Structures are given as structure tokens and as C-alpha cells.
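# Coordinates in review
Read off the chains here:
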Amino acid sequence: MKQLFARLEQASFLTEWSAWMKCVLSSAEQVDFYRSDSWRLLEPLSRNIRAMRWLTKQIRIYNPIPPCQPQDESIFYILATFCPDNFVLGYIIDTYLYYHRTKNNRGVLSCIRIQSLINQNEEYPHLNVFYNLIMGCVRYEYQLYISPPSKRYRSSFMTDKDFHKIEKYLPDFKPISFKEKLQAVQYKITGITNSEELARQYNMSGSVFRKRFKQEFNIPVSEWLRQQRKKNIEQMLQDTAIPLHQIAESNGFNMLSTFSDYCRRNFGKSPRQMRKELTEQ
């Protein structure tokens, strides 16, 4: 970051933007990335459209690839987000698209947060285009996240925690309901055997999750997990390429003998007998 500051300051000496650049760098020292109220120091500087075009052009030259750690360039990104100019807007959109394309969720979240906090009172209509682009990308990733593996060509690089954060910043982004979310995470719960583990998938405490689950489904979480475990076992046994020991481990059994005892108690057959019958159907 210091190296970029130095390069930009040096480049400005050859232009009419030397004094303006000094003000930018001076203001940058007072801006705290985690305190959005401090960002307002940059807003007056962003009104100099010609200087802003020069600055974003220089950043593209010196930093053609956005940094992996988005905070390394956040001051300039915040400054550019204030600027109502299409050329400068292209810089903030390209940066966001780069983070999305390279599956850098920290970069994506940083761009979304900055856009949201700057335009939370809808003072900057030039950001509407950017907002719509973000919404399209987020909805696309969320659809990938909630779809079953058989119906998607790749997994989303974004996590449940990411979408939980995004919900705070995008008023038009409404995550799925509790029931729909359970449908989404059930493809990821192979091996989960208790409500505490499942609650973590929801970012909820075990007690709150169990209460909410009982209200929604009218059965205890433990009973639902037993049903899911049986369903997982039957589905995996149908795939003859999966060894029995792997099926046992995936469903929380440390020993094949324990898995066999479970199958006899719950299905009335051994795993091998079940596989034979399931594959002959």
C-alpha cells in the first residue's frame, strides 16, 4: 500500500494534480476502513472528475491486478465509489468482477460493503448500475449454493456466512426460508449426527435451532437426522463404486462392524444384502 501511495504521489508531480493528490494521501491517513463515517473525508475530493479519471488510470497501470487483500487498495476504492463518473465507475466494477471471477470472497464482500455503506441513503444514483450487477452475481452464487449437486455444474465459492453478511448490505437480497435452507444444507450434512453440528450450518445456537426446527417440522432434530442418515446410507449403497467402509465413515461410523449392526437393526439386513437388493431394483 505504501509503495502504491509513493508511486501515485511521484506520478502526480508531472501533472496538475500534485496538490490534489497530497490532499488525497493526507485524508487517507485519517480514514478507517472499519468506520464508514470517516469515509466522508474523501467525498469532496471525488468531485474532481478529471483528477479521479487520472487517478484510476494510474492505479490500473501500477496495480493492474487488484490485491488479494482488498484493504490494501480500499482507500482508493472508497474514493472512486463516491465519484459520479462512468470512467471511474468502470474501475470499481472491474475490481468487483475480478474478485468474483477469481473467487475471492473477501474481495467481493469488501466491494459490496463499500457500495452499500456509501449509498445507504441512495445519495449516489450512479451506483444503481453497480448495485444491479452485484445483485445478479449474488443471486447466481446463491442459486448455486442452494441447488443440489446433481443440478449444478460447479459449487459456489461463497459460504453461508458470506450470504449472511451480504443480507445486511443488500436490501433486495432475501435468503431462503428456514425450511428451504435445510433443504440446501442437507446435501452437506453427511456424517452430522447431532443437532449442535447442524445448528452450526445455520450459524445458530443449538437450543435456538432445536426450538425453531420443532416449530417448523413438528419433529425433533434428532429424529430428522436419523431419517437423513438412513436415506444417505441407502443412496450411497446404490453406488457400487463406493466401498462399504467409506459409506460407514461418511455416516459417522468408525468401524465397519458397527455400521453393519446399525443396518441390521434399522433395515433388517446387512449392508451387502442391502446393496444387492438396491442395485437389482
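Just above sits the structure.
Only a predicted model underlies this, so the values are computations on that prediction, with no experimental measurement involved.

## So, the overall build of the chain
Of the regular secondary structure elements, the chain holds 15 helices and 0 strands. In terms of overall dimensions, the chain is more spread out than a globule: its C-alpha atoms have a radius of gyration of 26 Å, far above the 19 Å expected for 281 residues. Looking at the 281 residues of the chain, the share that counts as buried comes to 47%. Carbon and sulfur atoms make up 48% of the accessible area of the chain, which amounts to about 15,400 Å² in all.

## Focus on the packing of aromatic side chains
Tallied over the full model, the rule gives 17 aromatic pairs. An angle of 70° between the planes, with centres 5.6 Å apart, marks the rings of Phe 82 and Tyr 124 as edge-to-face. Here the residue Phe 82 occupies a position in helix H4 (residues 74–82), and Tyr 124 occupies one in the loop between helix H6 (105–118) and helix H7 (128–146), the gap between them amounting to 42 residues. Residue classification places Tyr 124 among the buried residues on the basis of a relative accessible area of 9%. For the ring pair Phe 213 and Trp 224, a centre distance of 5.8 Å and an interplane angle of 65° mean the geometry is edge-to-face. One end of the pair, Phe 213, is in helix H11 (residues 206–217); the other, Trp 224, is in helix H12 (residues 221–237), with 11 residues separating them in the sequence. Exposure class is identical for Phe 213 and Trp 224. Each is buried. The aromatic ring of Tyr 262 is capped on one face by Arg 229, whose charged end is 5.1 Å from the ring centroid.

## Structural notes on the pattern of salt bridges
Following the criterion strictly, the structure yields 9 salt bridges and no others. The partner of Arg 40 in a salt bridge is Glu 123, and the shortest N-O contact between them spans 3.0 Å. Pair noted here: Arg 40 is in the loop between helix H2 (18–28) and helix H3 (49–62) and Glu 123 is in the loop between H6 and H7, with a separation of 83 residues, a long-range link. Accessibility expressed as a relative area gives 36% for Arg 40, which makes it partly exposed. The salt bridge partner of Asp 94 is Arg 60, with a shortest N-O separation of 2.9 Å. Note that Asp 94 is positioned in helix H5 (residues 86–101) and Arg 60 in helix H3, a separation of 34 residues in sequence. Relative accessible area serves as the criterion here: at 33%, Arg 60 is assigned to the partly exposed category.

## A word on the state of the cysteines
Counted under the stated rule, the structure contains 0 disulfides. Cys 68 takes part in no disulfide bond, and the closest cysteine sulfur, belonging to Cys 111, lies 13 Å away. A disulfide-free cysteine, Cys 83 has its sulfur positioned 16 Å from the sulfur of Cys 23, the nearest such atom.

## Looking at H2
Each turn of an α-helix holds 3.6 residues, which means side chains three or four residues apart point in the same direction. What H2 keeps buried is the set Ser 18, Trp 20, Met 21, Val 24, Leu 25, Ser 27 and Ala 28. Along its buried surface, H2 packs onto helix H1 (2–12), H3 and H4.

## Quick word on the environment of Arg 210
Counting through the fold element by element, Arg 210 comes out in helix H11. Given a relative accessible area of 35%, Arg 210 falls into the partly exposed group. Expressed as a C-alpha distance, the spacing of Arg 210 and Ala 199, which sit 11 residues apart in the sequence, is 8.0 Å. Non-local contacts of Arg 210, meaning those with residues more than four positions away in its chain, are made with Ser 195, Glu 196 and Val 221. Of the polar contacts made by the side chain of Arg 210, one reaches the side chain of Ser 195; its length is 2.8 Å.

## Let's talk about the nonpolar core
Of all hydrophobic cores here, the largest spans 60 residues; its most connected members are Trp 20, Leu 55, Phe 76, Tyr 96 and Phe 130. Put simply, the parts of the chain that give this core at least two residues each are H1, H2, H3, H4, H5, H6, H7 and helix H8 (160–169). No other element matches H7, which puts 9 residues into this core. Among residues more than four places away in sequence, those in contact with Tyr 96 are Tyr 77, Val 108, Cys 111, Ile 112, Phe 130, Leu 133, Ile 134, Cys 137 and Val 138.

## Thoughts on a positive patch on the surface
Among the surface-exposed residues, Arg 106, Lys 161, Lys 165 and Lys 168 lie close enough to one another that they form a single positively charged patch. The element best represented in the positive patch is H8, accounting for 3 residues. As for its placement among the helices and strands, Lys 161 is situated in helix H8.

Calculation notes
Residues numbered from 1 in each chain as written. Predicted model: local features only at pLDDT ≥ 70, side-chain atom pairs only at ≥ 80, totals over all residues. Heavy atoms only, no water. Helix = DSSP H or I, 4+ residues; strand = E, 2+ residues; numbered from the N terminus. Rg over C-alpha atoms; globule rule 2.2 N^0.38 Å. Buried < 20%, exposed > 50% of the residue type's maximum accessible area, 1.4 Å probe, protein only. Areas by Shrake-Rupley, 256 points an atom, 1.4 Å probe, with all protein chains shown as cover. Phe/Tyr/Trp six-rings, centres within 6.5 Å; stacked < 30°, edge-to-face > 60°. Lys NZ or Arg CZ within 6 Å of the ring centre and 35° of its normal. Salt bridge = Lys/Arg side-chain N within 4 Å of Asp/Glu carboxyl O. Disulfide = S-S within 2.5 Å. Contact = heavy atoms within 4.5 Å. Polar contact = N/O pair within 3.5 Å; in protein donor to acceptor, adjacent residues only side chain to side chain. Core = buried A, V, L, I, M, F, W, Y, C linked by side-chain atoms within 4.5 Å. Patch = residues over 30% accessible without salt bridge, like charges linked within 9 Å, V, L, I, M, F, W, Y side chains within 5 Å. Lys, Arg positive; Asp, Glu negative; His and termini not counted. Charge placed at Lys NZ, Arg CZ, Asp CG, Glu CD.

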